[in-house]
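The chain contents come next:
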Amino acid sequence: YESNCGHVYATLGDYESALERFIKSDRLKPDQPSVLAAMAEAYTRVARYSEAERICGRLMEVAPDSLAAWSARGSLDYARGQWAGAQDAFEKCLTIDPLSVDAHWGMWLSLSSRGRTAEGVVHLREVLRLDPDHATAASEYGIWLAQGDNLPEAEHYLRQIGRAHV
């Protein structure tokens with residue numbers, strides 16, 4: 001129950017309340033990978049990186065080969081501006097689940113943050129293939145296309161999200 005409430009609060013963007021629920025859930029039943037991953041993400045969202053790091057460590061101990069563990073690690077590294085570490089973590093996610101939208105999105109973010117957009121756009125396209133309604137990815141892709149003077153295709157993606165102003 002507590003972890004379900006935590007997920008609801010996190011979805012609403014109330015990460016402090018989410019953390020309260022995840023902490024309670026962890027006390028009742030320690031070391032559940034899904035709870036630890038959600039807790040690490042919530043700590044990352046509120047920029048409490050040392051706490052997120054501690055929880056990621058626990059998560060890696062209990063579920064070292066899980067998508068949740070590597071995704072949490074990648075999100076934390078990305079939030080701290082450690083883009084190479086984020087890329088490594090998201091690459092590990094893709095070895096676990098090549099169809100993970102979040103891992104492909106993380107690869108786009110980490111690669112583009114390092115100025116490697118040509119490599120990253122492969123992952124951005126994969127996000128859109130796996131989740132055609134991913135509005136943020138459609139926006140990013142449309143902007144990327146527009147910068148390359150591919151205005152008709154850019155307009156298509158930007159219209160998808162109601163931002164056809166190219």
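Scroll up for the structure.
Rules used throughout
Every residue gets a number counted from 1 within its own chain, in the order that chain's sequence is written. Residues qualify for local features only when their pLDDT is at least 70, as the model is predicted, and side-chain atom pairs are given and counted only at 80 or more; totals for whole chains, interfaces and linings, by contrast, use all residues. Side-chain numbers come from the whole structure's heavy atoms, not from hydrogens or water. Salt bridges are identified by distance alone: a Lys or Arg side-chain nitrogen within 4 Å of an Asp or Glu carboxyl oxygen. A run of H or I in DSSP counts as a helix once it spans at least four residues, and a run of E counts as a strand once it spans at least two, with each numbered from the N terminus. Exposure classes here rest on a 1.4 Å probe applied to the protein chains alone. A residue is buried below 20% of its type maximum, exposed above 50%, and partly exposed in between. Buried residues of nine kinds, namely Ala, Val, Leu, Ile, Met, Phe, Trp, Tyr and Cys, make up a nonpolar core once their side-chain atoms join them within 4.5 Å. Throughout, a residue-residue contact means that at least one pair of heavy atoms, one from each residue, lies within 4.5 Å. Axis definition: a line fit to C-alpha positions, over the contact stretch in the case of helices; interaxial angles, taken between N-to-C directions, run 0 to 180 degrees. In this scheme, roughly parallel covers angles under 35 degrees and roughly antiparallel covers those over 145, while 65 to 115 is roughly perpendicular and the rest are oblique. Note on convention: near helix rotated counterclockwise from far helix by under a right angle means a left-handed crossing. Clockwise means right-handed. Under the convention adopted here, Pro, Cys and the residues Ala, Val, Leu, Ile, Met, Phe, Trp and Tyr are nonpolar, Asp, Glu, Lys and Arg are charged, and Gly plus all remaining residues are polar. Only the six-membered ring of Trp is used, alongside the rings of Phe and Tyr, when aromatic pairs are assigned; centres must lie within 6.5 Å, and planes under 30 degrees apart are stacked while those over 60 apart are edge-to-face, with the rest tilted.

Another aspect to go through is the pattern of salt bridges. Scanning the entire structure with this criterion turns up 12 salt bridges. Here Arg 58 ties to Asp 26 by a salt bridge, and the two come within 2.9 Å at their closest N and O atoms. Taken together, the residues Arg 58 in helix 4 (residues 49-62) and Asp 26 in helix 2 (residues 15-28) connect sequence positions 32 residues apart. Taking the relative accessible area as the measure of exposure, Asp 26 reaches 10% and is therefore buried.

Moving on, we come to the environment of Ala 137. Its place among the elements puts Ala 137 in helix 9 (residues 135-147). Taking the relative accessible area as the measure of exposure, Ala 137 reaches 0% and is therefore buried. Through-space distance from the C-alpha of Ala 137 to that of Asp 14 is 24 Å; in sequence the pair is 123 residues apart.

Here we take up the nonpolar core. Across soluble globular proteins, nonpolar side chains show a tendency to be buried alongside one another. Counting residues in hydrophobic clusters, the biggest one holds 21 residues, and the most contacted among them are Phe 22, Met 39, Tyr 43, Ile 55 and Leu 59. Of all the secondary structure elements, the ones that give two or more residues to this core are helix 2, helix 3 (33-45), helix 4 and helix 5 (67-79). Top element by residues in this core is helix 3. It accounts for eight residues. Apart from the residues lying within four places of it in its own chain, the contact partners of Ile 55 are Leu 36, Met 39, Ala 40 and Tyr 43. One finds Trp 108, Ala 137, Ala 138 and Leu 145 within the second-largest nonpolar core, a separate group that totals 12 residues.

Mapped onto the secondary structure, Ala 89 falls in helix 6 (residues 83-96). Among the residues examined, Ala 89 registers a relative accessible area of 1% and is labelled buried. For the pair Ala 89 and Tyr 15, spaced 74 residues apart in sequence, the C-alpha separation works out to 23 Å. Once residues lying within four places of it in the same chain are set aside, the contact partners of Ala 89 are Trp 70, Arg 73 and Gly 74.

Attention now goes to the packing of helix 1 (residues 2-11) against helix 2. Contact geometry of helix 1 with helix 2 gives a least axis separation of 8 Å together with a crossing angle of 165°. In this view, helix 1 runs roughly antiparallel relative to helix 2, as classed from their interaxial angle. When you trace helix 1 past helix 2, the crossing you get is left-handed. On the side of helix 1, the interface is formed by Glu 2, Ser 3, Cys 5, Gly 6, His 7, Tyr 9 and Ala 10, while helix 2 contributes Tyr 15, Ser 17, Ala 18, Arg 21, Phe 22, Lys 24, Ser 25 and Leu 28. Considering only residue class, the contact of helix 1 with helix 2 consists of seven nonpolar, five polar and three charged.

This paragraph deals with the packing of aromatic side chains. Throughout the structure, instances matching the rule amount to one aromatic pair. Ring centres of Tyr 141 and Trp 144 lie 5.8 Å apart, and the angle between their planes is 15°; this geometry places the pair in the stacked category. Note that Tyr 141 and Trp 144 are positioned in helix 9 at a spacing of three residues, about one turn of the helix. A residue is classified by how much of its surface remains accessible, and Tyr 141, at 5% relative accessible area, is buried.

Function cannot be inferred from these measures alone, as they are strictly geometric.
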